[in-house]
Amino acid sequence: MSELIIIGYEGPQPARQAYEQVQRLQDDFVVELRGLAIVDVDADGKTHVDTPQRIVGTSAAGGALFGLLLGLLFFVPGMVLLGGAMGALMGKFNQKGIDAAFRNRVEHLVEPGHSAIVIMASKITEDKFAKALQPFGGTILKTSLSESDEKELAEDLAEQS
């Protein structure tokens, strides 16, 4: 099972600090990351995404799935598939807890001038993780994907590629 956690911030500074803290928590085995990104939305509404290469893409399927999640949640150009393939995968995501309501909450979390960190974790020590990120504040959205959901979505993504 993977946890998908999005923490929204009112600006880039606390988001960047939290992002760096999550990387340290990975090094300390508090969290086992399958994906990590920081998303900044500038004053003009343009989305900028930064991912540490050493985390994203630990497996091709996992990296592709995380990339698709980022594209789906933040409508990042180049990170989403087009046409019927996207429609089919959107339907699958809707069934797996990443539905329109969740995407709408993400959209309202990251308005122009705001930032977020996006975490996909296979293991997490909740109490240590929460305590380490508490100083940075933020608004948390969370959902999860079972191993079978992830496998199915990754297979569907591979078929569409």
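Residues numbered from 1 in each chain as written. Predicted model: local features only at pLDDT ≥ 70, side-chain atom pairs only at ≥ 80, totals over all residues. Heavy atoms only, no water.

- The name given to the chain in an unreviewed UniProt entry is Membrane protein, and the organism recorded there is Actinoplanes campanulatus.

### Brief notes about the overall build of the chain
So, point 1. Within the chain one finds six helices and five strands.
So, point 2. Along its sequence from the N terminus, the chain presents helices and strands in the succession β-α-β-β-α-α-α-β-α-β-α.
So, point 3. Every one of the 161 residues in the chain was classed for burial, and the buried ones make up 46%.
So, point 4. Sequence-distant contacts in the chain: of pairs separated by 6 or more residues, those separated by 24 or more amount to 77%. (Helix = DSSP H or I, 4+ residues; strand = E, 2+ residues; numbered from the N terminus. Buried < 20%, exposed > 50% of the residue type's maximum accessible area, 1.4 Å probe, protein only. Contact = heavy atoms within 4.5 Å.)

### As for the environment of Glu20
So, point 1. Along the chain, the position of Glu20 falls in helix α1 (residues 12-27).
So, point 2. C-alpha of Glu20 to C-alpha of Ile117: the two residues are 97 residues apart in sequence and 10.0 Å apart in space.

### Re the environment of Phe102
So, point 1. By the secondary structure assignment, Phe102 is in helix α4 (residues 100-109).
So, point 2. Here the alpha-carbon distance between Phe102 and Lys142, two residues 40 residues apart in the chain, equals 9.0 Å.

### Considerations on the sheet that holds strand β4 (residues 115-124)
So, point 1. Overall, antiparallel pairing links the five strands, which are arranged β3-β2-β4-β1-β5 in an open sheet. Strands at the two margins of the open sheet, each flanked by one partner only, are β3 (47-50) and β5 (139-145). Taken pair by pair, the neighbouring strands of this sheet meet at an average axis angle of 20 degrees, ignoring direction.
So, point 2. Against the sheet, α1 contacts β1 (2-9), β2 (31-41), β3 and β4, and its axis sits at roughly 165 degrees relative to β2.
So, point 3. Contacts from helix α5 (residues 126-133) reach β1, β2, β4 and β5, with the element oriented near 160 degrees to β4. (Pairing = 2+ DSSP bridges. Axes fitted to C-alpha atoms, helices over the stretch in contact; angles between N-to-C directions.)

### Some details on the confidence of the model for the chain
So, point 1. Confidence along the chain averages 78 in pLDDT terms, with 70% of residues attaining 70 or more.
So, point 2. Here helix α3 (residues 84-95) stands out as the element of the chain with the lowest mean pLDDT, 56, in contrast to α5, whose mean of 96 is the highest.
So, point 3. A low-confidence stretch, residues 77-86 stays under pLDDT 50, and its non-local contacts, those more than four residues away or across chains, total 15 contacts. (pLDDT = per-residue confidence, 0-100.)

### Let's talk about the pattern of salt bridges
So, point 1. One pass over the full model with this rule turns up three salt bridges.
So, point 2. Between Glu3 and Lys142 there is a salt bridge, with its nearest N and O atoms 4.0 Å apart. Of the two residues, Glu3 sits in strand β1 while Lys142 sits in strand β5, which places them 139 residues apart along the sequence.
So, point 3. With relative accessibility at 18%, the residue Glu3 sits in the buried group.
So, point 4. Given a relative accessible area of 39%, Lys142 falls into the partly exposed group.
So, point 5. A salt bridge links Lys142 to Glu126; the shortest N-O distance between them is 3.0 Å. Of the two residues, Lys142 sits in strand β5 while Glu126 sits in helix α5, which places them 16 residues apart along the sequence.
So, point 6. Each member of the salt-bridge network shares a partner with another, and the members are Glu3, Glu126 and Lys142. (Salt bridge = Lys/Arg side-chain N within 4 Å of Asp/Glu carboxyl O.)

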